[in-house]
Amino acid sequence: MIPYSILDLSPVAEGHSVREALDASRSLAQVAEKNGYRRFWLAEHHGMPGIASAATALVISHVAAGTESIRVGSGGIMLPNHSPLVIAEQFGTLEALYPGRVELGLGRAPGTDMRTARALRRNMEAGAESFPHDILELQRLLGEPDDEGGLIAVPGMNSHVPIWLLGSSLYSAHLAAALGLPYAFASHFAPDQLLDAVEIYRERFQPSAGLQKPYVMVGTMAAIAETDREAAHLFTSAQQQFVNLRRNIRRSFPRPVETMDGFWTEMERIGVEHTLRYAIVGSPETAADKLSRFIADVRPDEIIVSTPVHDLQARIRSVELFAGLPQRISQAA
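Here we summarise the structure given alongside this text. (Residues numbered from 1 in each chain as written. Predicted model: local features only at pLDDT ≥ 70, side-chain atom pairs only at ≥ 80, totals over all residues. Heavy atoms only, no water.)

1. A closer look at the overall build of the protein chain
And step 1. Looking only at helices and strands, the protein chain features 13 helices and nine strands.
And step 2. Taking 2.2 N^0.38 as the reference for a compact globule, 333 residues should give roughly 20 Å; the C-alpha atoms of the protein chain span a radius of gyration of 19 Å, in line with that estimate.
And step 3. Summarising its shape, the C-alpha atoms of the protein chain cover approximately 65 × 45 × 35 Å along the three principal directions.
And step 4. Scored against the burial criterion, the 333 residues of the protein chain give a buried share of 52%.
And step 5. Long-range pairs, those at least 24 residues apart, make up 72% of the contacts in the protein chain between residues at least 6 apart in sequence.
And step 6. Only carbon and sulfur atoms are counted for the fraction: they give 52% of the accessible area of the protein chain, which is about 15,000 Å².
And step 7. Distance between charge centres in the protein chain, computed from 30 positive and 38 negative side chains, equals 3 Å. (Helix = DSSP H or I, 4+ residues; strand = E, 2+ residues; numbered from the N terminus. Rg over C-alpha atoms; globule rule 2.2 N^0.38 Å. Buried < 20%, exposed > 50% of the residue type's maximum accessible area, 1.4 Å probe, protein only. Contact = heavy atoms within 4.5 Å. Areas by Shrake-Rupley, 256 points an atom, 1.4 Å probe, with all protein chains shown as cover. Lys, Arg positive; Asp, Glu negative; His and termini not counted. Charge placed at Lys NZ, Arg CZ, Asp CG, Glu CD.)

Encoded structure:
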């Protein structure tokens, strides 16, 4: 059975505070740890009232402090938003606090709107164009310092924090393969190039000091409940959120609704359902069937699941039920 992990955005649910969102992430990580998930990653987003994980390294520390063994990391840090030295210091510090548990997933998207991205990056073109160089610089800063008195990260040097490359395009597949990095594809919201990207990565992978053969993790969303109807109800929160993103409406993560009819237009429905077509929504029986077909199509080495459910207890229950899907799939095989 392939391993499963959690991607969390610390959703600020409608009617709740940022503090409650951050504590919910820690509670979810504790449940994931008890249920055998391999890693728990937080995502960097900015300027979004429904997401509390902007200061990603701080949220990782909050989660790691409440857990004991699960790997914690970023899914991901948007490296063009930051100096490689700053990220090396942050994750070197995390590794010192939680040795052997910290991972650094890197992406190049802004993770926000263009106005906020400009405030973060200052120089938009330089940030994106220097991405491959910045990855190499970050690897150097997290590794052994040279003997020439060059720039060092303290903390950071000699920490050897594992680096992943995240992406949603063919560019990221080529880059991850060339650098010999483990690769995570954001198919939970960008499904169109998934199969091509995975194929390119595997065909063109170059072994590196850190990884001898390709390793692919793919993303999916999940809302699992005791019945298909209940799960579909829970998932209306995510559907509303994606409609709001398309309308440039910024608000907290919405409560579920009885029906999406009247909320979205027909074109919005088609667009959102296409974007979320790999989502695992339904009862455990339905979810196991969907997940089995997804695995057969993609053949991933690992799956990372995001659970966009408004109520914390329902979110926790979905994570628990997802953990039981591998056994159901195995029994059905």
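Structure's up, so let's keep going.
2. Regarding the packing of helix 1 (residues 18-34) against helix 12 (residues 312-323)
When two helices pack together, you describe them by how their axes are tilted relative to each other and by the distance separating the axes.
And step 1. As a packed pair, helix 1 and helix 12 sit with axes 10 Å apart at the nearest point and diverge in direction by 25°. As summarised for this structure, helix 1 and helix 12 are arranged roughly parallel, according to the angle between their axes. Read as a crossing pair, helix 1 and helix 12 show a hand that is right-handed. On the side of helix 1, the interface is formed by Ala 24, Leu 28 and Val 31, while helix 12 contributes Leu 312, Arg 315, Ile 316, Val 319 and Glu 320.
And step 2. Grouping the amino acids of the contact of helix 1 with helix 12 by side-chain chemistry returns six nonpolar, no polar and two charged. (Axes fitted to C-alpha atoms, helices over the stretch in contact; angles between N-to-C directions. Parallel < 35°, antiparallel > 145°, perpendicular 65-115°, else oblique. Left-handed = near helix turned anticlockwise from the far one by under 90°. Nonpolar A, V, L, I, M, F, W, Y, C, P; charged D, E, K, R; others polar.)

3. Concerning the packing of aromatic side chains
And step 1. Across all of its chains, the model carries seven aromatic pairs by this definition.
And step 2. With a centroid separation of 5.2 Å and an interplanar angle of 85°, the aromatic rings of Trp 41 and Trp 164 are classed as edge-to-face. Taken together, the residues span a long stretch of sequence, with Trp 41 in strand 2 (residues 39-42) and Trp 164 in strand 5 (residues 163-167) at a distance of 123 residues. Here Trp 41 matches Trp 164 in class, with each residue buried.
And step 3. Ring geometry for Tyr 278 versus Phe 294: centroids 5.0 Å apart, planes at 45°, classification tilted. With a gap of 16 residues between them, Tyr 278 in the loop between helix 10 (266-275) and strand 8 (280-282) and Phe 294 in helix 11 (residues 284-298) connect regions that are remote in the sequence.
And step 4. Classification of Tyr 278 by relative accessible area gives buried; the value is 18%.
And step 5. Members of the aromatic cluster, connected to one another through ring pairs, are Tyr 183, Phe 185, Tyr 201 and Phe 205.
And step 6. Here the basic side chain of Arg 108 rests over the ring of Tyr 171, its NZ or CZ set 3.9 Å away from the ring centre. (Phe/Tyr/Trp six-rings, centres within 6.5 Å; stacked < 30°, edge-to-face > 60°. Lys NZ or Arg CZ within 6 Å of the ring centre and 35° of its normal.)

4. Points about the pattern of salt bridges
Once the charged atoms of two side chains with opposite charge are near each other, the side chains can pair.
And step 1. Within the structure shown, the criterion is met by 17 salt bridges.
And step 2. The shortest N-O distance in the salt bridge between Arg 247 and Glu 268 comes to 2.8 Å. Within this pair, whereas Arg 247 is found in the loop between helix 9 (228-246) and helix 10, its partner Glu 268 is found in helix 10, the two being separated by 21 residues in sequence.
And step 3. A relative accessible area of 34% means that Arg 247 is categorised as partly exposed.
And step 4. Arg 328 serves as the salt-bridge partner of Glu 285, at 3.5 Å between the closest nitrogen and oxygen. Residue Glu 285 is found in helix 11, and its partner Arg 328 is found in helix 13 (residues 325-332); the two are separated by 43 residues along the sequence.
And step 5. Residue Arg 328 is classed as partly exposed on the basis of its relative accessible area of 35%.
And step 6. Connected via shared salt-bridge partners are Arg 39, Arg 71, Glu 103 and Glu 302. (Salt bridge = Lys/Arg side-chain N within 4 Å of Asp/Glu carboxyl O.)

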